[in-house]
Each structure stands twice: as C-alpha cells, then as structure tokens.
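A structural walkthrough
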Amino acid sequence: MGEHIMKKNRGYMFEPKRMNMDNGEGRPVAQFGNHTQDNQKKKCSVFLRYIIVYTACVSILIILMIPIYNTTIKIIHQNAQKDYESIVSTGIKRLENTFESVMRIDYNMTNADYITVKQLSNEQFNSLNIMKLINAKKIFTRYTSNVDLAADIYAVFRNNKRIITRNTIYMDSSDFFNKYMIYEGYSEKELRNIIINGGGRNNFIPATGIRNVYLGNSQKEVDCLTFVTRSEGNSVAICAVFRMDDIQDLFLKNAFLWIISENGTILAGEPLSDEEDYLIITDNLPAFGLKIGLGVPKTQFLEQVKPLQTIIKLIFCIIIITGFVFAFLLSIYAYMPLYKFVKDSFGKYSIRDTGDEFSLLRKLWQQANASINNLQNMLQTTESHLKESVLINSLLA
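Residues numbered from 1 in each chain as written. Predicted model: local features only at pLDDT ≥ 70, side-chain atom pairs only at ≥ 80, totals over all residues. Heavy atoms only, no water.

1. Some details on the packing of helix 4 (residues 112-119) against helix 5 (residues 127-144)
For the pair helix 4 and helix 5, interaxial distance at closest approach is 8 Å and the crossing angle is 120°. Once helix 4 is placed against helix 5, the crossing between them reads as left-handed. Within the contact between the two elements, helix 4 uses Asp-113, Tyr-114, Thr-116 and Val-117 and helix 5 uses Lys-132, Leu-133, Asn-135 and Ala-136. A class-by-class count of the residues in the contact of helix 4 with helix 5 yields 4 nonpolar, 2 polar and 2 charged. (Axes fitted to C-alpha atoms, helices over the stretch in contact; angles between N-to-C directions. Helix = DSSP H or I, 4+ residues; strand = E, 2+ residues; numbered from the N terminus. Left-handed = near helix turned anticlockwise from the far one by under 90°. Contact = heavy atoms within 4.5 Å. Nonpolar A, V, L, I, M, F, W, Y, C, P; charged D, E, K, R; others polar.)

Dropping the structure here:
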C-alpha cells in the first residue's frame, strides 16, 4: 500500500518543460516560423524609411531653394545690366564735358587779334591782318589742343571765308571743304549754311563719311559726327569732328550705338527695338538735346555673366549633393541603435534577410509576453502540485 502510494505520489511530482530561449552564446533568440519571416520581408526596412524621410526633407529644402536660386541669377543679371548702364552714363558724361569744352573755346579766346579776325571781311585782309590771322591760329591751336576726343577742330567765320584749324589756315572755305575736310554728300555751300545758320547755339552734322589726312587716311572715308557751336552774335562757329569709333569706345566696342536729336533726327547709328536679342539701354544728354542708345547683344551679355552664374550653379549643386549625403549619414546614425538591438535579439541579422525591424520587435514582445504568461501558468500548476504532494507526504509520514 505504501509503495503504491509512493508510486502514485511520484505521479504528482511535476517538472516544468524548459523553453529553448538561448542561442548557445548566452543570448535569448527569438524564434519565428518561416511564414512570419516571409511576411516581414515584404515590408520596408526602417533604414529605408529613414532614407526616404530624410531625402524627402532635403528635397523639400531644395524646392524651397529654387526661388532663391532664381532670385540670385536675376540679381546677377540686374547687376550686369547696371554695369552697362553705368558705362553708358559715364560715356555720356565724358561726351558732355567734351562738348562743353568746345563751347568754351571761343569764350576763352579773348586775344585782340582773334577778335579782329572775326570781324573782318574778305576784302579787309591786307598783310597786317594776315599777321593777325596767323597769330589767331596759334592761339586757336593752343586752346583746342587739349580738347578730349575731338579728332579735329576748326573755326568758320561768318564775315569772311577764312577757316582756322589746329594745323593750318585756309584762305577760302571751298578749298577747305573740297580738299582738306571732305564731307561725303555735302557741298561747301550746304556745309557753310548748316554751320553758320544752323539755328540756336548748338547743332550737329549727322555722322557721315569724311576724308581727311588727320582722321587716319585721306583716301578712305571715316564716319564722323560734327558738333557745331556758335559764338554770341554768330560771328564764328567752332566745329569739333569726332570719329564714331572714338565715341563707340566711350561705351562698348561690340555694341550697337545710336544717337538721336531731340527733334527725332538720327545723328548716328540705327535705333534698335529687338529686346529679345539685345539688351537695350538708353540715356539722355538734355543739355545738348541728345538721346543716346546702346544695344548689347544678349549673347555677349550672357557670356559676361556666365562665369558668376556657373559659380552659383556649382554652389547650389554642392549644397544639393551635401544634403543627400547628410540624409544618408543621418539615416545610418538614427538606424544603428535599432540595428544593434535587433541583432542582439536575433543573433545573425541582415537588412536583406528581414524587413520591418519594428514588426520584428513587436513580434518578439508578443512572444516574450506569451512566454511570461505560460511561465506564470506553469508556476501556478507547479505550486498546486507541490502543495498536494506536501500534504500527501505529511499524511503518510
């Protein structure tokens, strides 16, 4: 009877089943079926999610930078245009100073011989007055030698046909206009009328071809603009001849230059209106009733701003590349703690083998929670059996 009870009593001895939660290295190992892992592979890795999120943030910043880039390029173009406007303004100012210098020639020449020559008629030029004319020419040369830009300057008298230049004296204006200063398309009579009776204090002879040895080549016409200013009483007119090439150099050599008078007469060049192919800049010279325009080819304009524009583009490209690199590095930085935790929990682990780490950790927690519940149930069962076993042993004793 006792042996039977002891055998039966042994049947009440309960040994809990051990769960395999060790990988042989002292670390717990989560165990999932193949079906679970296959489902996880279909999901996106947290690392890839980080990359997508940070890359999206960088992309948004890049999109926000596009207006900044466009504004920067626009400012570059505006500054380049201001540079051209400054060139035009500076050229006009220099041209104005030159015209004013020409206007002051007659006023500054107070020499008695020069004043006498202005009043003489053709018949009054005796030997004494010829000496006065020679002396007036010397004074004229001195006062005109320092006038900026002017290729040549000459004086035309109303009361006589004498003409004084920087270099010599002409006793008859017909010799001067037919042999020395040859205006293409103008007769001597027409030129004297324009110069002496032009109206007002100042006027211009539109740019025309002139042959003159002092303009470069007596056999070749040189385009020149002539500025005419008359003295008080119109007794003499001072004419300053300007090469168009010299005026062009005040602005830009490779641009189109035009000059228009206040009454709309084209004095030089041809006005442009093609704003698609040219950057058009205009400015006024109100003291002399002029409007000056400059047409800069946009190819030349863009070529000038190209180096700076390339630098700006390079800077923005570096910013974009750096942004994506930082997005990748930040993704790695944010992901590594999770990666180490998952690797410690699962042993051998690779992003290629498993997808969503958060799902794996959730599954691990669910399994751990289930294991804890099982252990609690086992402990309760063991406790019940132990109590029963102790009671029986006590009775048998």
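2. A word on the packing of aromatic side chains
Across all of its chains, the model carries 16 aromatic pairs by this definition. Ring geometry for Tyr-154 and Phe-176: centres 4.7 Å apart, planes at 55°, overall tilted. Here the residue Tyr-154 occupies a position in strand 1 (residues 152-157), and Phe-176 occupies one in helix 6 (residues 173-180), the gap between them amounting to 22 residues. Just as Tyr-154 is buried, Phe-176 falls in that class too. When the ring of Tyr-154 is compared with that of Phe-177, the centres are 6.1 Å apart and the planes differ by 80°; the resulting orientation is edge-to-face. Of this pair, Tyr-154 sits in strand 1 while Phe-177 sits in helix 6, and the two are 23 residues apart along the sequence. When sorted by exposure, Tyr-154 lands in the same class as Phe-177, which is buried. Put simply, the rings of Tyr-154, Tyr-170, Phe-176, Phe-177, Tyr-180, Tyr-183 and Tyr-186 touch in pairs and so form one group of aromatic residues. (Phe/Tyr/Trp six-rings, centres within 6.5 Å; stacked < 30°, edge-to-face > 60°. Buried < 20%, exposed > 50% of the residue type's maximum accessible area, 1.4 Å probe, protein only.)

3. A short note on a negative patch on the surface
Together, Glu-184, Glu-221, Asp-223, Asp-245 and Asp-249 make up a negatively charged patch on the protein surface. Those elements that place two or more of their residues in the negative patch are strand 6 (217-230) and helix 8 (244-250). Tracing the backbone shows Asp-245 in helix 8. Taking the relative accessible area as the measure of exposure, Asp-245 reaches 56% and is therefore exposed. (Patch = residues over 30% accessible without salt bridge, like charges linked within 9 Å, V, L, I, M, F, W, Y side chains within 5 Å. Areas by Shrake-Rupley, 256 points an atom, 1.4 Å probe, with all protein chains shown as cover. Salt bridge = Lys/Arg side-chain N within 4 Å of Asp/Glu carboxyl O. Lys, Arg positive; Asp, Glu negative; His and termini not counted. Charge placed at Lys NZ, Arg CZ, Asp CG, Glu CD.)

4. Here we look at the pairing of strand 11 (residues 290-297)
The side chains of a regular strand alternate, first on one face of the sheet and then on the other. Counting buried positions over the 8 residues of strand 11 gives 7, a clear majority of the element. Summarising the sheet, strand 10 (residues 278-285) and strand 11 pair through 8 bridges and their orientation is antiparallel. Pairing of Tyr-278 across the sheet is with Pro-297, part of strand 11. The turn joining strand 10 and strand 11, which pair antiparallel and follow one another in sequence, is formed by 4 residues; a positive phi near 65° is taken by Gly-289. (Pairing = 2+ DSSP bridges.)

5. Points about the environment of Tyr-186
Counting through the fold element by element, Tyr-186 comes out in the loop between strand 4 (182-183) and helix 7 (188-196). Its relative accessible area of 27% is what places Tyr-186 among the partly exposed residues. A sequence separation of 22 residues divides Tyr-186 from Thr-208, and the C-alpha atoms of the two residues are 9.4 Å apart. Not counting residues up to four positions away in its chain, the partners in contact with Tyr-186 are Leu-191, Ile-194, Ile-205, Pro-206 and Thr-208.

6. A closer look at helix 4
Listed in full, the buried residues belonging to helix 4 are Asp-113, Tyr-114, Val-117 and Lys-118. One side of helix 4 holds all its buried residues, which, seen down the axis, span an arc of 140°. Against helix 3 (46-108), helix 5, strand 1 and strand 7 (236-243) lie the buried residues of helix 4. (Arc of directions from axis to C-beta.)

7. A word on the side chain of Lys-118
Mapped onto the elements of the fold, Lys-118 is located in helix 4. What makes Lys-118 buried here is its relative accessible area of 9%. What Lys-118 contacts, discounting residues up to four positions off in sequence, is Asp-106, Phe-157, Asn-159, Ser-235 and Val-236.

8. Observations regarding the nonpolar core
Phe-99, Ile-238, Ile-247 and Phe-251 are the most contacted members of the largest nonpolar core, which totals 58 residues. Top element by residues in this core is helix 3. It accounts for 13 residues. Sequence-distant contacts of Ile-238, that is, excluding residues within four places in its chain, are made with Val-102, Ile-105, Asp-106, Tyr-114, Phe-140, Ile-153, Tyr-154, Ala-155, Phe-227, Val-228 and Thr-229. If you look at the next biggest cluster of nonpolar residues, it comprises 20 residues, including Phe-177, Tyr-183, Ile-196 and Val-222. (Core = buried A, V, L, I, M, F, W, Y, C linked by side-chain atoms within 4.5 Å.)

9. A short note on the side chain of Thr-226
Structurally, Thr-226 is set in strand 6. Polar contacts involving the side chain of Thr-226 include one to the side chain of Tyr-183, which spans 2.9 Å. In contact with Thr-226, not counting residues within four places along its chain, are Tyr-154, Tyr-183, Asn-203, Phe-204, Ile-205, Ile-210, Cys-239, Ala-240 and Val-241. (Polar contact = N/O pair within 3.5 Å; in protein donor to acceptor, adjacent residues only side chain to side chain.)

10. Comments concerning unusual backbone geometry
One non-glycine residue, Leu-149, lies in the positive phi region at around 75°. What makes Leu-149 buried here is its relative accessible area of 16%.

11. Description of the sheet that holds strand 9 (residues 266-268)
Pairing is antiparallel across the open sheet formed by 4 strands, whose spatial order is 9-8-11-10. If you trace the sheet from one side to the other, it starts and ends with strand 9 and strand 10, each paired once. Each strand of the sheet is rotated relative to its neighbour by a mean of 25°, with strand direction disregarded.

12. Things to note about the confidence of the model for the chain
Averaged over every residue, the pLDDT of the chain is 80; the share at 70 or more is 83%. Element-level mean pLDDT values for the chain span from 42 in helix 1 (residues 2-11) up to 94 in strand 7. A low-confidence stretch, residues 1-42 stays under pLDDT 50, and its non-local contacts, those more than four residues away or across chains, total 49 contacts. (pLDDT = per-residue confidence, 0-100.)

13. Let's talk about the packing of helix 6 against helix 7
Between helix 6 and helix 7, the shortest axis-to-axis distance is 9 Å and the interhelical angle comes to 110°. Looking at the two axes, helix 6 sits roughly perpendicular to helix 7. Crossing angle aside, the handedness with which helix 6 passes helix 7 is right-handed. Together, Ser-173, Ser-174 and Phe-177 of helix 6 and Glu-188, Leu-191, Arg-192 and Ile-195 of helix 7 make up the contact between the two elements. Residue classes in the contact of helix 6 with helix 7 are distributed as 3 nonpolar, 2 polar and 2 charged. (Parallel < 35°, antiparallel > 145°, perpendicular 65-115°, else oblique.)

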